Amino acid sequence: MAGRKDVLPRIVALKRQKAEQDLAVLQARQRQFESRIKALQEELAKADSSTADFQALRLASQNGHARRLLQEIDRVQADLAALAGPMHLAREALKRILNSEDQLARDASGR
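Residues numbered from 1 in each chain as written. Predicted model: local features only at pLDDT ≥ 70, side-chain atom pairs only at ≥ 80, totals over all residues. Heavy atoms only, no water.

A. Highlighting the overall build of the protein chain. Each helix and strand counted, the protein chain has four helices and zero strands in total. Within the protein chain, the proportion of its 111 residues that are buried is 16%. Here the contacts in the protein chain between residues at least 6 apart in sequence split such that 88% fall between residues at least 24 apart. Surface accessibility of the protein chain: about 8300 Å² in total, with carbon and sulfur atoms responsible for 55%. (Helix = DSSP H or I, 4+ residues; strand = E, 2+ residues; numbered from the N terminus. Buried < 20%, exposed > 50% of the residue type's maximum accessible area, 1.4 Å probe, protein only. Contact = heavy atoms within 4.5 Å. Areas by Shrake-Rupley, 256 points an atom, 1.4 Å probe, with all protein chains shown as cover.)

B. Inspection of helix 3 (residues 65-82) at higher detail. With 18 residues, helix 3 should reach 26 Å at 1.5 Å per residue; the first-to-last C-alpha distance of 26 Å fits that figure. If you check which residues of helix 3 are buried, you get L69, I73 and V76. Taken down its axis, helix 3 places every buried residue within 70 degrees of arc, on the same side. Across from the buried face of helix 3, at angles greater than 90 degrees, the exposed residues are R67, A81 and A82. (Expected span 1.5 Å × (residues − 1). Arc of directions from axis to C-beta.)

C. Looking closely at the pattern of salt bridges. A full pass over the atoms with the stated rule returns seven salt bridges. A salt bridge links R16 to E20, with the shortest nitrogen-to-oxygen separation between them at 3.4 Å. Here E20 and R16 lie together in helix 1 (residues 2-47), a separation of four residues that amounts to about one turn. Residue R75 pairs with E72 through a salt bridge whose shortest N-O separation is 2.7 Å. With a gap of three residues between them, R75 and E72 both fall in helix 3, about one helical turn apart. Because the salt bridges share partners, they merge into one network encompassing R36, E72, R75 and D79. (Salt bridge = Lys/Arg side-chain N within 4 Å of Asp/Glu carboxyl O.)

D. Main features of the nonpolar core. Judged by nonpolar contacts, the single largest core of 16 residues is most densely connected at L23, L26, L40, V76, L83 and M87. Where this core is concerned, the elements lending two or more residues are helix 1, helix 3 and helix 4 (84-110). Ignoring any residue separated from it by four or fewer positions in sequence, one finds L40 in contact with L69, E72, I73 and V76. (Core = buried A, V, L, I, M, F, W, Y, C linked by side-chain atoms within 4.5 Å.)

On their own, these measurements won't tell you what the molecule is for.
See below:
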């Protein structure tokens, strides 16, 4: 019977570890998206700089560089927004697991 009591906390600990890893992966993707957006915005700001010569601005406008940058920013922002749902689910799963661990600890200390 003592062996069975030890199994449940180990299972919950493994689930917590998996949930933490899943959340960390999603957070890393979020940081990648945010840094990509920042880089694109900086590139767009350089293209919009008043110090650029007229010829460079004309060519950038003619070839649609600014428009492509804006489209890429929109695409990455959409990817970032799509990540919000899985991030919420991962946080909730981790909360449930942490609550389970707390409950197990309370049950063990109560005995």
